[in-house]
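So the chains spell out like this:
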Amino acid sequence: MRWNIALLGKVMLFLCCSGIGFAAAEKTHCRQQQLRLSADFIRTLISRLEFSMKPAGKLVEELAQQSAFRKLGYLWAFQNDQKYPFAQNWKKTVAQNQGEFTDSDKTLLLCVGDILGAYDLDAQKKELEHLAKELEQSASELTQEAERNRNLYTALGPLCGIALGILL
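Quantities reported herein were computed from a predicted structural model and do not represent experimental measurements.

Criteria and thresholds
Residues numbered from 1 in each chain as written. Predicted model: local features only at pLDDT ≥ 70, side-chain atom pairs only at ≥ 80, totals over all residues. Heavy atoms only, no water. pLDDT = per-residue confidence, 0-100. Helix = DSSP H or I, 4+ residues; strand = E, 2+ residues; numbered from the N terminus. Buried < 20%, exposed > 50% of the residue type's maximum accessible area, 1.4 Å probe, protein only. Contact = heavy atoms within 4.5 Å. Phe/Tyr/Trp six-rings, centres within 6.5 Å; stacked < 30°, edge-to-face > 60°.

(A) Here's a closer look at the confidence of the model for the chain. Chain-level statistics for the chain give a pLDDT mean of 83 and a share of 98% at 70 or above. When mean pLDDT is taken per element in the chain, helix 5 (residues 103-115) scores highest with 90 and helix 1 (residues 2-51) scores lowest with 81.

(B) Main features of the environment of Tyr119. Here Tyr119 lies in the loop between helix 5 and helix 6 (121-167). For Tyr119, a relative accessible area of 48% corresponds to the partly exposed category. For the pair Tyr119 and Lys92, spaced 27 residues apart in the sequence, the C-alpha separation amounts to 21 Å. Discounting chain neighbours no more than four positions away, the residues touching Tyr119 are Asp114 and Gln124.

(C) Representation of the environment of Lys10. Structurally, Lys10 is set in helix 1. With residues near it in sequence (within four places) discarded, Lys10 still touches Gly165 and Leu168.

(D) Layout of the packing of aromatic side chains. Inspection of every chain in the model, using the stated rule, returns seven aromatic pairs. When the centroid spacing of 5.6 Å and the interplanar angle of 85° are considered together, the rings of Tyr74 and Trp90 count as edge-to-face. Of this pair, Tyr74 sits in helix 3 (residues 73-80) while Trp90 sits in helix 4 (residues 86-96), and the two are 16 residues apart along the sequence. Taking the centre distance of 5.7 Å and the plane angle of 65° together, the rings of Phe78 and Trp90 count as edge-to-face. Placement of the pair is Phe78 in helix 3 and Trp90 in helix 4, with a sequence separation of twelve residues. Residue Phe78 shares its accessibility class with Trp90, and that shared class is buried. Each residue in the set Phe41, Phe69, Tyr74, Phe78, Phe86, Trp90 and Phe101 is aromatic and connected to the rest through ring pairs, giving one cluster.

Structure (structure tokens):
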């Protein structure tokens, strides 16, 4: 009976370590998707700027309601917290976002609040396009890292579980 409980404990340990490995592998992939989706959001924002005379806050709020951008947590937070002027509200919601973004990713996204409404239309479009390209470039750089991490963590997790099971 003790042997069965010990074996069950080792199997549970193995499964937990494997799960942690797979979750760690998924983290980089999620960041990559968030960066690409943010670049798409900015490009959609650029196209809407050309044909809409709406204030920046209303425009972003409309885009946030589209199903394509629902995975962007900072947009959801933005549309639910409209207490401050656009730039201040944007910076607050992006800075507080607990997604997969790094500080450098957030710094790029924070620039949207400085650009929208601060320049003429052509300058806004040019600066936003530059931001979208930088986000897309960051996502592209993550492609190799995501593959390497996926292979590493999905192998390392189960191996650690086996090693711990042997040690215990």
